[in-house]
Amino acid sequence: MPQDQILKVWGELACFTRPELKVERFSYPVITPSAARGIYDAIYCQPAEFRWQLTRIEVLAYPRYIALRRNEVKDKAPSSMIILRWMEGKEEVKPIFADDNPPDDTKGRTQRQTMALKNVCYRLHAYIRPWPGLEARLPALEAQFRRRASQGKCIYQPYLGCREFPAYFELVEPGAQMETPPPIDLDIGLMLYDVFDLSRPGKPLDTANDELPSISLFRAEVRNGTVTVPDYESDAVLKGRRVANA
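Residues numbered from 1 in each chain as written. Predicted model: local features only at pLDDT ≥ 70, side-chain atom pairs only at ≥ 80, totals over all residues. Heavy atoms only, no water.

Just checking my understanding: could you explain the state of the cysteines for this structure?
Joining two cysteines, a disulfide is a covalent bond between their sulfur atoms. Here the structure, examined in full by the defined rule, presents zero disulfides. For Cys15, which is in no disulfide, the shortest distance to another cysteine sulfur is to Cys162 and amounts to 4.6 Å. For Cys15, a relative accessible area of 1% puts it in the buried group. (Disulfide = S-S within 2.5 Å. Buried < 20%, exposed > 50% of the residue type's maximum accessible area, 1.4 Å probe, protein only.)

And the structure:
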């Protein structure tokens, strides 16, 4: 049986943007399952062999907001396949310029308001779920994750919602004494669960068609400082259809 791998995660700033307030970023009061899964993926990820399933989020610091103004570019990076062709010299690189003096209002940069969180701290619980046929690999996968996390190794710097807000982490060993979360009770309402279809194996480089978003939501609440995260396959997770961008 898979065992929960526990991480203590903290950082000075965080922003887990509510999708209904996308233009002017406004953070959820706690980390989303998607952002938490991203931290585990940053430490150890084999999308063709397994995925991470969050089970619990413990909020170790009271949510505190801070208002920021940030410069953001209006353009976005292309698909990973296009970037790979740039790296291989098969296609001309088209950089994104922050100050491009564009003829229209779709390029360049803009200043936006952000309601972020400050001095956050969480204890995350997640387990490895191997894809069918790879269950025998579970002990080796868990051992590899614990080895990497205990040594502070990561594939890339984990972050708290936005890449400029780095996340720091440490592995909580089995049997370690853990602090009790503060008595926080919040009814968050519908919260973003994930933006990918977690029911299928991933690939190192997905095709453009496979990158279509698959939004899922769940009704989140904090009880005694803890958010219980349902399984992705659960009826408690509301899933939408995968649709192409308009």
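Still more to cover.
Would you mind showing me how to read the side chain of Thr55 here?
Tracing the backbone through its elements, the reader meets Thr55 in strand E3 (residues 50-59). Once you skip the residues sitting within four places of it in the chain, Thr55 turns out to touch Asp4, His125, Ala126, Tyr127, Val227, Thr228 and Val229. (Helix = DSSP H or I, 4+ residues; strand = E, 2+ residues; numbered from the N terminus. Contact = heavy atoms within 4.5 Å.)

Explain the pattern of salt bridges here, please?
Opposite charge on two side chains permits them to pair, given that their charged atoms come into close proximity. Summed over all chains, the structure comprises 13 salt bridges. Among the salt bridges present, the one from Arg85 reaches Glu91, with a minimum N-O distance of 3.0 Å. Among the charged side chains, a network of salt bridges with common partners joins Arg51, Arg129, Asp231 and Glu233. (Salt bridge = Lys/Arg side-chain N within 4 Å of Asp/Glu carboxyl O.)

Explanation requested: the side chain of Arg123 in the structure shown.
With respect to the element layout, Arg123 can be found in strand E5 (residues 109-130). Arg123 gets classed as buried once you look at its relative accessible area, which sits at 4%. Within polar-contact distance, the side chain of Arg123 engages the side chain of Glu58 at 2.7 Å. (Polar contact = N/O pair within 3.5 Å; in protein donor to acceptor, adjacent residues only side chain to side chain.)

Help me understand helix H3 (residues 138-150) in this model?
Three- or four-residue spacings in an α-helix give side chains the same orientation, since the helix completes a turn every 3.6 residues. Helix length check: H3 (13 residues) gives 18 Å between terminal C-alpha atoms against 18 Å at 1.5 Å per residue, within 8%. Among all positions in H3, only Leu138, Leu141, Glu142, Phe145, Arg148 and Ala149 are buried. The buried residues of H3 occupy an angular sector of 135° when the element is viewed end-on, so they sit on one face. Next to the buried residues of H3 lie strand E1 (5-14), helix H1 (33-43), E3, E5 and strand E8 (168-172). Just beyond H3, the residue with positive phi is Gly152, at close to 75°. (Expected span 1.5 Å × (residues − 1). Arc of directions from axis to C-beta.)

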